[in-house]
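# A look at the structure
The chain contents come next:
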There are 2 protein chains.
Amino acid sequence: MATRRPKEDTAAAVEEFRPRVDNRPEQIIGIACRLFARRGYEGTSLRDIAEEAKITKAALYYHFPNKEALFHRIVLGSLRTLIDVVRAAVEAAPTPLEKVRQYMLVSADFMDADRDSWMAGSNAFWMGAESEQRTLTIALRNEYETLLRTCIEEAIAAGEFKPHNVALTGRFLLSSLNQMTRWHNPKGKLSTREVIEEYLDMALNGLKATERS
Amino acid sequence: MATRRPKEDTAAAVEEFRPRVDNRPEQIIGIACRLFARRGYEGTSLRDIAEEAKITKAALYYHFPNKEALFHRIVLGSLRTLIDVVRAAVEAAPTPLEKVRQYMLVSADFMDADRDSWMAGSNAFWMGAESEQRTLTIALRNEYETLLRTCIEEAIAAGEFKPHNVALTGRFLLSSLNQMTRWHNPKGKLSTREVIEEYLDMALNGLKATERS
């Protein structure tokens, strides 16, 4: 099946959001993003960030008054971009089934283009303590997941999908994607998108052989 | 399809391995297991364990000379039990496809019966720093995952499964299971096994509706 939204579009949208290295605040954001991805938001202190950036804590405060400000810029900004590019791809897709496919594929492109911010967002969502930050992250994750559920509902209503439980179907599909940060090597043989293409074939058509002799 | 190995068998096997509360070392193990599950092996100190157990560090040392000894007992012991119960179920299953099903269902029972030790093992595998502990965990995880790949290979060879990439098929199935600790509430409406039953139906038969009118 043809892939409607070229990978380059998503990469460009991510690039627009991604920190630039010729600029001190953007340098700090890049470092904070990497640390949030590796150690989680709770596990990263402003001191850690200042040390990595080789600046004083005072210089860091000059750019970002607190960790929350960095969090807003990185995790919430990244999730917002993810939702926007995925929604655009879903709206452009011609059928509900193709919307589900595009949702997964464009999400894969996003993960490919900026894995650190994906992991920073995922850590904040899964491991974060109760906080305003976590509440905002959850609201955006809900928006992201609801978008998939809406596509699944439409696919069921259109008779394209079997009438499984919609929430569970969404979790089933997203599990395969979310788990990828745990095993997939972005420099390996298959890109994230190529793995998700394979997974979609398995999920949509089933593992069981249909033509038995 | 009938479930060959009753859930109770797995629960009993886990129970045999599970710490007993009437016994001080076992109490310590239970606490350490919970902390490893919540904070990871690296993130848990002997001091944390002693504090939770309301004993001195000296008393803790009397039972366990170091954290590695606790790790061996909890994470490696639990993985060993998991592999043993899953292998027994796989060997008893009549067909390769049913072996794949049993692998997933008995793993789900294991997760249901002792989620703390599952998460402690999973944390050690995914988040652990390089160490002898992590190497041992990885060897056991490999043994566990290889068992599934062997079943998938057999299912493909028998013409029961489509000839997808075996490693990717294994990851696809295990992703749905591994991701469950992140969203599933064990006290909720569906047990881990019931979710995996649904997932297996989706994965084996596909989400796409086959009878189009």
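Fair warning: this is a prediction, and the values are worked out from it, not measured in the lab. (Residues numbered from 1 in each chain as written. Chains lettered and ligands numbered in written order. Predicted model: local features only at pLDDT ≥ 70, side-chain atom pairs only at ≥ 80, totals over all residues. Heavy atoms only, no water.)

## Digging into the nonpolar core
Note the threshold: What is meant by a nonpolar core is a set of buried Ala, Val, Leu, Ile, Met, Phe, Trp, Tyr and Cys residues, joined one to another through side-chain atoms within 4.5 Å. Only protein chains enter the accessibility calculation, which uses a 1.4 Å probe; a residue is then buried when its area is under 20% of its type maximum, exposed when over 50%, and partly exposed in between. In what follows, a contact means two residues having at least one pair of non-hydrogen atoms within 4.5 Å.
Residues I49 and L70 of chain A together with I49 and L70 of chain B are the most contacted members of the largest nonpolar core, which totals 122 residues. What I49 of chain B contacts, discounting residues up to four positions off in sequence, is I28, I31, A32, L35, F36, T44, L60 and L70 of chain B.

## What about the confidence of the model for chain A?
Counted only if it meets this: Per-residue confidence from the prediction method is given by pLDDT, with values spanning 0 to 100.
With 85% of its residues at a pLDDT of at least 70, chain A reaches an overall mean of 86. Note that pLDDT drops below 50 for residues 1-5 of chain A; the model gives that stretch 21 contacts with residues more than four away or on any other chain.

## Topic: the relation of the copies chain B and chain A
Applied cut-off: A least-squares superposition brings the copies together, and it is based on the C-alpha atoms of residues with pLDDT no lower than 70 in both.
Once chain B is rotated about the relating axis by 180 degrees and shifted along it by 0.0 Å, it coincides with chain A to within an RMSD of 0.0 Å. One copy is carried onto the other by what is essentially a two-fold rotation axis. Among all residues of chain B, the minimum C-alpha distance to the rotation axis is found for G206 of chain B, at 1.7 Å. In this assembly, 100% of the residues forming the interface of chain B have copies in chain A that are likewise at the interface, indicating an isologous arrangement.

## Some details on the packing of helix 6 (residues 96-113) of chain A against helix 11 (residues 192-205) of chain A
The axes of two packed helices give the description: the angle between them and the distance between them. All names here are of chain A. Note the threshold: In this analysis an axis means a line fitted to C-alpha atoms, helices contributing only their contacting stretch, and an angle means the value between N-to-C directions, from 0 to 180 degrees. What counts as a helix is a DSSP run of H or I of at least four residues, what counts as a strand is a run of E of at least two, and both are numbered from the N terminus. When an angle is under 35 degrees it counts as roughly parallel; over 145 it counts as roughly antiparallel; between 65 and 115 it counts as roughly perpendicular; any other value is oblique. In this scheme, a crossing is called left-handed if the near helix is turned counterclockwise away from the far one by less than a right angle; it is called right-handed if the turn is clockwise. Charged means Asp, Glu, Lys or Arg here, nonpolar means Ala, Val, Leu, Ile, Met, Phe, Trp, Tyr, Cys or Pro, and polar covers whatever is left, Gly included.
The N-to-C vectors of helix 6 and helix 11 enclose an angle of 150 degrees; their axes lie 8 Å apart at closest approach. Our classification of the angle between helix 6 and helix 11 gives roughly antiparallel. Our pair here, helix 6 against helix 11, has a crossing hand that is right-handed. Only T192, R193, I196, E197, L200 and L204 of helix 11 make contact with helix 6, whose side of the interface consists of L97, R101, M104, L105, V106, A108, D109, M111 and D112. Looking at the contact of helix 6 with helix 11 residue by residue, the classes come out as nine nonpolar, one polar and five charged.

## Observations concerning the packing of helix 2 (residues 24-39) of chain A against helix 5 (residues 67-92) of chain A
All names here are of chain A. Following both chains from N to C, one finds helix 2 and helix 5 inclined at 85 degrees, their axes separated by 10 Å at the closest point. In terms of axis orientation, helix 2 runs roughly perpendicular to helix 5. Together, E26, I28, I29, A32, C33 and F36 of helix 2 and K67, L70, F71, R73 and I74 of helix 5 make up the contact between the two elements. Of the residues contributing to the contact of helix 2 with helix 5, the split by class is eight nonpolar, no polar and three charged.

## A few points about the UniProt feature "DNA-binding region" (unreviewed entry) in chain A
Rules: UniProt positions are given in the numbering used here, feature names are shortened, and annotations may be inferred rather than shown by experiment.
Sequence positions flagged by UniProt for "DNA-binding region" (unreviewed entry) are, in local numbering, residues 45-64 of chain A. The span residues 45-64 of chain A carries 75% helix and 0% strand; its end-to-end C-alpha distance comes to 13 Å.

## Re the packing of aromatic side chains
Quick note on the threshold: Paired rings are identified among Phe, Tyr and Trp, the last through its six-membered ring, by centres lying within 6.5 Å, and are further divided according to the angle between planes into stacked (under 30 degrees), edge-to-face (over 60) and tilted (the rest).
Across all of its chains, the model carries seven aromatic pairs over all chains by this definition. An angle of 25 degrees between the planes, with centres 4.9 Å apart, marks the rings of Y103 of chain A and Y144 of chain A as stacked. Here Y144 of chain A lies in helix 8 (residues 132-157) and Y103 of chain A lies in helix 6, a separation of 41 residues in the sequence. Each member of the pair Y103 of chain A and Y144 of chain A is classed as buried. Ring geometry for F172 of chain A versus F172 of chain B: centroids 5.5 Å apart, planes at 70 degrees, classification edge-to-face. In this pair, F172 of chain A sits in helix 9 (residues 166-178) while F172 of chain B sits in helix 9 (residues 166-178), so the two residues belong to two different chains. In terms of burial, F172 of chain A and F172 of chain B fall into one category: buried. Members of the aromatic cluster, each reached through a chain of ring pairs, are F172 and Y199 of chain A together with F172 and Y199 of chain B.

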